[in-house]
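# Structural description and commentary
Read off the chains here:
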Amino acid sequence: MIISWNTTNECNLRCRHCYRDAREKAREELTTAEGLALIDEIARAGFKIMIFSGGEPLLRPDIVTLVEHAARRGLRPVFGTNGTLLTPELVRRLKEAGARAMGISLDSVDPRRHDEWRGSPGAWQAAVEGMRVCREAGLPFQVNTTVVDWNCREVEALTDFAVEKGARAHHIFFLVPTGRAVKIEEESLRAEQYEDLLRRILRKQQQVDIELKPTCAPQFMRIARQMGLATRFSRGCLAGIAYCIIDPRGNVQPCAYLNIPLGNVREVSFGELWREHPVLKRLRSGAYGGACGVCAYRKICGGCRARAYYYTGDYMAEEPLCSYRGGVREARGRAFSNAG
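On a predicted model such as this, the values are computed, not experimentally measured, just so you know.

Over the atoms rolls a probe the size of a water molecule, and its path tells where empty space is left. Counting across every chain of the model gives 2 cavities of 30 Å³ or more. Approximately 40 Å³ is the volume attributed to the second largest cavity. Every residue lining the second largest cavity is listed: Val 147, Phe 174, Leu 175, Ser 188, Leu 189, Tyr 194, Arg 307 and Leu 321. Among the residues making up the lining of the second largest cavity, the classes are represented as 6 nonpolar, 1 polar and 1 charged.

Once that is clear, we can look at the side chain of Asn 151. Turning to its location among the elements, Asn 151 is positioned in the loop between β5 (141-147) and α6 (155-165). For Asn 151, the side chain forms a polar contact with the main-chain oxygen of Thr 146, separated by 2.9 Å. Non-local contacts of Asn 151, meaning those with residues more than four positions away in its chain, are made with Asp 107, Thr 145 and Thr 146.

All told, the structure shown has 28 salt bridges when counted by the stated rule. Across the salt bridge formed by Glu 34 and Arg 266, the nearest N and O atoms sit 2.8 Å from each other. Within this pair, whereas Glu 34 is found in helix α1 (residues 32-44), its partner Arg 266 is found in the loop between β10 (263-264) and α9 (270-276), the two being separated by 232 residues in sequence. Glu 34 sits in the partly exposed class, given a relative accessible area of 28%. Sharing partners across several salt bridges, the network here consists of Arg 153, Glu 156, Asp 196 and Arg 200.

Before going further, it helps to spend a moment on the pairing of β5. For β5, the buried fraction is high: 6 of the 7 residues fall into the buried class. By the bridge criterion, 6 bridges tie β5 to strand β6 (residues 169-174) in an arrangement that is parallel. Within β6, the position partnered with Gln 142 by the bridge is Ala 169. In the classification by handedness, the crossover that spans β5, the intervening α6 and the parallel β6 is right-handed.

A few words on the packing of aromatic side chains. Inspection of every chain in the model, using the stated rule, returns 12 aromatic pairs. A centroid spacing of 6.5 Å and a plane angle of 15° characterise the contact between Phe 270 and Trp 274, whose relative ring orientation is stacked. Linking Phe 270 with Trp 274, this pair stays in helix α9, spanning 4 residues, or about one helical turn. Judged by relative accessible area, which is 8%, Trp 274 ranks as buried. Each residue in the set Trp 5, Phe 52 and Phe 79 is aromatic and connected to the rest through ring pairs, giving one cluster. Here the basic side chain of Arg 282 rests over the ring of Tyr 315, its NZ or CZ set 5.0 Å away from the ring centre. Above the plane of the ring of Trp 274 lies Arg 284, whose end atom (NZ or CZ) is 4.4 Å from the centre.

Along the chain, the position of Ser 4 falls in strand β1 (residues 2-6). Along the backbone, Ser 4 and Val 252 are 248 residues apart, and their C-alpha atoms lie at a distance of 10.0 Å. Here Ser 4 is in contact with Ile 51, Ser 53, Tyr 243, Cys 244, Ile 245 and Ile 246, once residues within four sequence places are set aside. Of the polar contacts made by the side chain of Ser 4, one reaches the side chain of Ser 53; its length is 3.0 Å.

It is worth spelling out the layout of surface pockets at this point. What the second largest pocket holds in volume is close to 160 Å³. Lining the second largest pocket are 13 residues; nearest its centre among them are Gln 205, Leu 212, Ala 230, Thr 231 and Phe 233. Elements that contribute at least two residues to the lining of the second largest pocket include exactly α7 (191-205) and β7 (211-215). Within the lining of the second largest pocket, the residues separate by chemical class into 8 nonpolar, 3 polar and 2 charged.

The next point concerns the nonpolar core. Residues Phe 52, Leu 94, Phe 174 and Phe 270 are the most contacted members of the largest nonpolar core, which totals 96 residues. Here this core gets 6 residues from one element, more than from any other, and that element is helix α5 (residues 123-137). In this structure, Cys 11, Leu 13, Cys 18 and Ala 22 belong to the second largest nonpolar core, which totals 6 residues.

All of the buried residues along helix α2 (residues 63-72) are Ile 63, Val 64, Leu 66, Val 67, His 69 and Ala 70. In this structure, the buried residues of α2 make contact with β1, α1, β2 (49-53), β3 (76-81) and α3 (88-97). Residue Gly 74 follows α2 closely and has a positive phi angle near 85°.

Bringing the sheet that holds strand β9 (residues 251-253) into the picture now. Overall, mixed pairing links the 10 strands, which are arranged β7-β6-β5-β4-β3-β2-β1-β8-β9-β10 in an open sheet. Pairing within the sheet leaves two strands with one partner each, and these edge strands are β7 and β10. Each of β4 (101-105) and β5 is contacted by α5, which is oriented at about 165° to β4, the strand it contacts most.

Neither face of strand β8 (residues 243-246) is left uncovered, since the one carrying Tyr 243 and Ile 245 and the one carrying Cys 244 and Ile 246 both have all their residues buried. Inspection of the sheet shows β1 paired to β8 by 4 bridges, in the parallel sense. Residue pairing in the sheet places Ile 3 in a bridge with Cys 244 of β8. When β8 meets β9, the two strands line up antiparallel, connected through 2 bridges. Counted as the bridge partner of Ile 245 is Gln 253 from β9. Linking β8 to β9, which pair antiparallel, is a turn of 4 residues; within it Gly 250 sits at a positive phi near 100°.

Criteria and cut-off values
Residues numbered from 1 in each chain as written. Predicted model: local features only at pLDDT ≥ 70, side-chain atom pairs only at ≥ 80, totals over all residues. Heavy atoms only, no water. 1 Å grid on protein atoms, 1.4 Å probe; cavity = no way out; pocket = protein on both sides within 12 Å on 5 of 7 lines; lining within 4 Å. Points joined across faces, edges and corners; volume = space filled by probe spheres on them. Nonpolar A, V, L, I, M, F, W, Y, C, P; charged D, E, K, R; others polar. Helix = DSSP H or I, 4+ residues; strand = E, 2+ residues; numbered from the N terminus. Polar contact = N/O pair within 3.5 Å; in protein donor to acceptor, adjacent residues only side chain to side chain. Contact = heavy atoms within 4.5 Å. Salt bridge = Lys/Arg side-chain N within 4 Å of Asp/Glu carboxyl O. Buried < 20%, exposed > 50% of the residue type's maximum accessible area, 1.4 Å probe, protein only. Pairing = 2+ DSSP bridges. Right-handed = clockwise from strand over helix to strand, strands pointing away. Phe/Tyr/Trp six-rings, centres within 6.5 Å; stacked < 30°, edge-to-face > 60°. Lys NZ or Arg CZ within 6 Å of the ring centre and 35° of its normal. Core = buried A, V, L, I, M, F, W, Y, C linked by side-chain atoms within 4.5 Å. Axes fitted to C-alpha atoms, helices over the stretch in contact; angles between N-to-C directions.

Now the structure itself:
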């Protein structure tokens, strides 16, 4: 199981798509003591991978202490970072504390386009420098790309770039309109683009040795099955099932993009929220509506619950950007046969 903690709302960049709308440090962010206690709860709840994210997690002054504690509790500490603040000294300290990998954001092979998207001149070069620092320190890293209409044709080139720089993986995040990204919803991929890119990613995986992982695009599981390709993943959407997120103030929600507050760890223990909250139980039920509810691939895909929520207001509704309707046709066929 995987958990992400947005350790701070503070960030040195101004990315157009930020789901947290990060900028300044939030009021009443969890203290060091509260963070250490939270890590204890996360470990007791059975989570294995802990993503330190933000905002920009490297701006948090106690980040090394938090990583060290997570590692001591048997968690695998990894990062989601813009990569611009990675220095040899900081990487050395994080690695010694137990950090296992860095996820570094890069959204274009063109420095100008990346910098515009990230709202800061020089962000591309600094992120690439961060990759070099990690590689030389022996700290594994992956490249994370948020994909929209303007960069969807660059994905294979970004994979090649990641290979060239020594990345262990390239994870491709399909935009979900939440936070700051609500203002750029029109840049999201549409159904045909979505499907086409997933097929391209799966074909590219056959050509490279590093892992390629579509995120917020659970249909890749169905498409891989249709293409006869094996994958190490067992399910597409993990929201509330094997993944959740905690914001800088301690609010828990099912995933980074499904903005439904479940409770605050200052008021209710994280373990209790994870085990008992009715929203999480409903997500785990698999009782989806519409096409997702009758789809033959629903158990390995699940549809993007955050995208369903944004477009319909119901997090259990059918995935709005999925073009597959085989399950609907099959269900209608069965109903017709039974009626006859």
